[in-house]
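# Commentary on secondary and tertiary structure
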Amino acid sequence: LVFDFGGGTLDFTIMQVGSPSGRKVLATGGIAVAGDAFDQRLFRVTIPRHLGEGDYFTQEGKRYPIPSHIFDHLTNSQEILALNTPQNLEMLRSIHLGSHHKKKTEALLKIISSNYALLLFDVVERAKCQLSELDETELSVITQDFSFKEKILRSRFELAIRHEYEAIRQELLQTIERSGLRPQDIQRVIRTGGSSQIPLFAAMLDELFGKEKVRAIDVFSSVTSGLGIRAHEIAQGL
């Protein structure tokens, strides 16, 4: 089994290897989830509370919660531009004017109207990667306009991606079933791609197949290495 889990794709291949004539792909699978989705999940459970989520603002004498859909859009890097429109910025300024925690909503305004969003995603991705090595890390954001930080436990990150974990496990088991094999029939598991380093998924493979069968190989270069080998075979007429 090749478990190829990178920043943008998740692919499974179950194959028989040996001599060129004996090679055979038994099944392939995968789902549309990868490391960037985990960045969004970690972003969603950490950043918004520093920008006013869960707080209130007052308008015309009435108290309202800050709308959560603002933070849903903010979590998706492809949707942030949708918030940076004259109409939305006017709404955010109105919220900020009546905010009970103005430092937070001021930071929210700065992030949406300036180029801070990419910085936040970089900080979150770095924290995610650190949690593959550490049980706990600190998410720290420091700019000239605002700053905040908090500690993140690996267990909190794992809880945030639990839905994706279950979907991945189910698809993996279904791929094995399509191959006509059982988990115990798999003799070697190759774990590759940056997201395959996440301990939750390494533990899943160890549990399903046995730790002694799992190998992490060419974590960040397996695809390019394979293409190079394949190109050589083609060039040599093999």
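Residues numbered from 1 in each chain as written. Predicted model: local features only at pLDDT ≥ 70, side-chain atom pairs only at ≥ 80, totals over all residues. Heavy atoms only, no water.

Pairing of strand E4 (residues 56–59) with strand E5 (residues 62–65), which is carried by four bridges, proceeds in the antiparallel orientation. Looking at E5, one finds that Tyr56 is bridged to Pro65. Between E4 and E5, which pair antiparallel in sequence order, lie two residues; one of them, Glu60, sits at a positive phi of approximately 50 degrees. (Pairing = 2+ DSSP bridges. Helix = DSSP H or I, 4+ residues; strand = E, 2+ residues; numbered from the N terminus.)

What the rule picks out here adds up to 16 salt bridges. Arg41 serves as the salt-bridge partner of Glu164, at 2.7 Å between the closest nitrogen and oxygen. With Glu164 in helix H8 (residues 162–179) and Arg41 in helix H1 (residues 35–46), this pair connects stretches of sequence that are 123 residues apart. A salt bridge links Arg182 to Asp185, with the nearest nitrogen and oxygen atoms 3.3 Å apart. Residue Arg182 is classed as partly exposed on the basis of its relative accessible area, which comes to 47%. In the salt-bridge network here, residues are joined through shared partners; they are Arg23, Arg230 and Glu233. (Salt bridge = Lys/Arg side-chain N within 4 Å of Asp/Glu carboxyl O. Buried < 20%, exposed > 50% of the residue type's maximum accessible area, 1.4 Å probe, protein only.)

The next point concerns the packing of aromatic side chains. One pass over the structure, following the stated rule, counts 11 aromatic pairs. Between Phe3 and Phe12, the aromatic rings sit 5.5 Å apart at their centres with planes inclined by 20 degrees, giving stacked as the arrangement. Given the relative accessible area of 0%, Phe3 is considered buried. A residue is classified by how much of its surface remains accessible, and Phe12, at 1% relative accessible area, is buried. Centre to centre, the rings of Phe38 and Phe201 are 5.6 Å apart; their planes meet at 20 degrees, and the pair counts as stacked. Here the residue Phe38 occupies a position in helix H1, and Phe201 occupies one in helix H9 (residues 199–209), the gap between them amounting to 163 residues. We note that Phe38, like Phe201, is buried. The structure contains a cluster of three or more aromatic residues connected by ring pairs, namely Phe3, Phe5, Phe12, Phe38, Phe157, Tyr165 and Phe201. Lying over the aromatic face of Tyr56, Arg63 brings its terminal NZ or CZ to 3.7 Å of the ring centre. (Phe/Tyr/Trp six-rings, centres within 6.5 Å; stacked < 30°, edge-to-face > 60°. Lys NZ or Arg CZ within 6 Å of the ring centre and 35° of its normal.)

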